[in-house]
Amino acid sequence: MCKVPLLSSSGEPAAATIEKDEKAPLKSASKFTADQQTIIRAGEVWRSHISPAILVFVLVLPMLIYQKEYFSTFFHDTWYVPIMGIIGCTIPSGGAPVAGGVVFLPILTMKNIEAHEAVAFAASTQMVGVGIFAPMGWMSRDPTVLMPSFLKPMFPFALAGLLFSYLVTPLEKEDEVLLVFTIFVICLAIYVIKGLVTSQLDTSQNDSSEEEEAENSSQSTEEVVEDEESAEGYGTMSTTAPVVERQMSKAERRNLVFTPKLFTIYAVCCFLGGMLCGWIGIGVEKVTFFLLTYFHKVDVIAAGLSSITMNGWLSFFAFLLHAVCTPEDEGFGPHLTCGLKDELNPGGHVFGKVPYELWLSVLPGILIGSLIGPAVNAAVGPRNIMIIFVGFLFFDATYNIYNLATNGFIAELFGS
């Protein structure tokens, strides 16, 4: 920008205007640190070069494996899976704390896929979809949506819960867990609706929020200057400085600070959320979304993406357990003994083989969904993403209640 002094009506330079114009570029230049700018460049390389190469590879790989049987066997049996993957990854990549399992599990159940195998598929898919593709899709836009101040201290507790649920307390009957999770999902939907109606949830866009913060700051400064000028004009001296209440910026709220009490609450909830992931493939992302938006007032995009990323990282370990610890009669693998042995599981195995055929088919879909998600967020806005999220919550709750009713659990619960 050309630095030409602006003249006031008296012909003197307008110093305040010059100072404001000179400071404007400094703010935009310091929006991201040097490390974050490096991540942004890496994200741009991912979107422009790496992700297209991966897409071509995952499309060609099944053709090389199945060859002449590609259309008659592979494509015929799995044509719906890429579509399922696009939907299952677009929504979380857009910022909603919905892991792909909320889409995959009902569809696979309708396709008569065994429940443990469906959980194994969700784990193998989420490992890639929301553990790698979704966060990488955001790095070129805003690398601060992933919060190390949350993920680093809390992931070990979530992982401990996951391993505990798989190896120590595997589900023999999932009805009780589904009931508790359904009640939590309904409460979370009510919490999000209340937050949207009362504007307690931060649903602002990343770029617009920075501009709003700058405008609010400049407006506060201008008000102080006007007060001082008016006081001088009347020949009086102000004895009290104007008090401007400063709210934490979005960047400051994304940098979490824990008190001992909050740390304990987060740790316990992440452990329980990890157990949910081990039992039903999803859950921790909704628990942590509530924690982040309620206690630390984190904006919904950062809270949602950090939460699904934790789910994706947990899914990697869940995938490993399903890949190497299944019983001898379930698919490939070394069939290791990983868990505690009891009467129902004398081999100490993890039930549910990884359906590799479905997994190969879903990879192109989740990659495309991860690239679409940030664009969807920019087009419809975080507020509408949260409305979609509420729709998924009610769908999840309705599906769970239907399952509990059809297997007789609700009738048994009420003694009818």
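Criteria and cut-off values
- Residues numbered from 1 in each chain as written.
- Predicted model: local features only at pLDDT ≥ 70, side-chain atom pairs only at ≥ 80, totals over all residues.
- Heavy atoms only, no water.
- Helix = DSSP H or I, 4+ residues; strand = E, 2+ residues; numbered from the N terminus.
- Buried < 20%, exposed > 50% of the residue type's maximum accessible area, 1.4 Å probe, protein only.
- Contact = heavy atoms within 4.5 Å.
- Areas by Shrake-Rupley, 256 points an atom, 1.4 Å probe, with all protein chains shown as cover.
- 1 Å grid on protein atoms, 1.4 Å probe; cavity = no way out; pocket = protein on both sides within 12 Å on 5 of 7 lines; lining within 4 Å.
- Points joined across faces, edges and corners; volume = space filled by probe spheres on them.
- Nonpolar A, V, L, I, M, F, W, Y, C, P; charged D, E, K, R; others polar.
- Phe/Tyr/Trp six-rings, centres within 6.5 Å; stacked < 30°, edge-to-face > 60°.
- Lys NZ or Arg CZ within 6 Å of the ring centre and 35° of its normal.
- Disulfide = S-S within 2.5 Å.
- Expected span 1.5 Å × (residues − 1).
- Bend = angle between axes of the 7 residues up to and from the residue.
- Patch = residues over 30% accessible without salt bridge, like charges linked within 9 Å, V, L, I, M, F, W, Y side chains within 5 Å.
- Salt bridge = Lys/Arg side-chain N within 4 Å of Asp/Glu carboxyl O.

1. What to know about the overall build of the protein chain
Okay, step 1: Of regular secondary structure, the protein chain possesses 16 helices and zero strands.
Okay, step 2: Within the span of the protein chain, comprising 416 residues, buried residues form 45% of the whole.
Okay, step 3: For the protein chain, long-range pairs separated by at least 24 residues make up 79% of all intrachain contacts whose partners lie at least 6 apart in sequence.
Okay, step 4: When the accessible surface of the protein chain is totalled, it reaches about 21500 Å², and 66% of it is carbon and sulfur.

2. Section: empty space enclosed by the protein
Okay, step 1: Tallying each qualifying case throughout the model produces three cavities of 30 Å³ or more.
Okay, step 2: If you add up the space inside the largest cavity, you get close to 50 Å³.
Okay, step 3: Of all elements in the fold, only helix H4 (80–93) and helix H6 (115–139) reach the threshold of two or more residues within the lining of the largest cavity.
Okay, step 4: By residue number, the principal contributor to the lining of the largest cavity is H6, which donates four residues.
Okay, step 5: Tallied by class, the residues present in the lining of the largest cavity amount to four nonpolar, five polar and no charged.

3. Observations regarding the packing of aromatic side chains
The relation between two aromatic rings is expressed through the spacing of the ring centres and the mutual angle of the planes.
Okay, step 1: Per the stated rule, a full pass over the model turns up 23 aromatic pairs.
Okay, step 2: Taken together, a centroid distance of 5.4 Å and an interplanar angle of 75° make the contact between Phe104 and Phe121 edge-to-face. Within this pair, whereas Phe104 is found in helix H5 (residues 101–110), its partner Phe121 is found in helix H6, the two being separated by 17 residues in sequence. Each member of the pair Phe104 and Phe121 is classed as buried.
Okay, step 3: Note on Phe319 and Trp359: the rings are 6.1 Å apart at their centroids and 25° apart in plane angle, and the pair reads as stacked. Taken as a pair, Phe319 in helix H13 (residues 300–324) and Trp359 in helix H14 (residues 356–380) lie far apart in primary sequence, 40 residues in all.
Okay, step 4: Within the aromatic cluster, the residues linked to one another by ring pairs are Phe150, Phe157, Tyr191, Phe258, Phe263, Tyr266, Phe290, Tyr294 and Phe295.
Okay, step 5: A cation over a ring is seen here: Lys297 above Tyr294, with NZ or CZ 5.5 Å from the ring centre.

4. A few points about the state of the cysteines
Okay, step 1: According to the stated counting rule, one finds one disulfide in the structure shown.
Okay, step 2: Disulfide pairing is shown between Cys325 and Cys338; the S-S distance is 1.7 Å. The S-S bond linking Cys325 to Cys338 shows a torsion near -65°; that makes this disulfide left-handed. Here Cys325 is found in the loop between H13 and H14, whereas its partner Cys338 is found in the loop between H13 and H14, with 13 residues between them in sequence.
Okay, step 3: Note on Cys325: relative accessible area 0%, which makes it buried.

5. Looking at unusual backbone geometry
Okay, step 1: Even without being a glycine, Asn112 presents a positive backbone phi close to 65°.
Okay, step 2: Position of Asn112 among the secondary structure elements: in the loop between H5 and H6.
Okay, step 3: Positive phi, close to 55°, is recorded for Lys297, a residue that is not glycine.
Okay, step 4: You can call Lys297 partly exposed: its relative accessible area is 46%.

6. Thoughts on the side chain of Ser51
Okay, step 1: Structurally, Ser51 is set in helix H2 (residues 34–66).
Okay, step 2: Ser51 sits in the buried class, given a relative accessible area of 1%.
Okay, step 3: Every residue in contact with Ser51, bar those within four places of it in the chain, is listed here: Trp46, Leu367 and Leu371.

7. Looking at H14
Okay, step 1: For H14, with 25 residues, the first-to-last C-alpha span of 35 Å sits near the 36 Å given by 1.5 Å per residue.
Okay, step 2: Helix geometry: H14 is bent most strongly at Val362, by close to 35°, with proline Pro364 lying one to four residues after it.
Okay, step 3: Backbone geometry just downstream of H14 places Gly381 in the positive-phi region, at approximately 90°.

8. What to know about a nonpolar patch on the surface
Okay, step 1: On the surface, Phe71, Phe75, Trp79, Ile83 and Ile87 cluster together into a nonpolar patch covering about 550 Å² of accessible area.
Okay, step 2: Contributions of two or more residues to the nonpolar patch are made by helix H3 (70–78) and H4.
Okay, step 3: Of the residues examined, Ile87 reaches a relative accessible area of 42% and is grouped as partly exposed.

Honestly, it's all geometry; don't read function into it.
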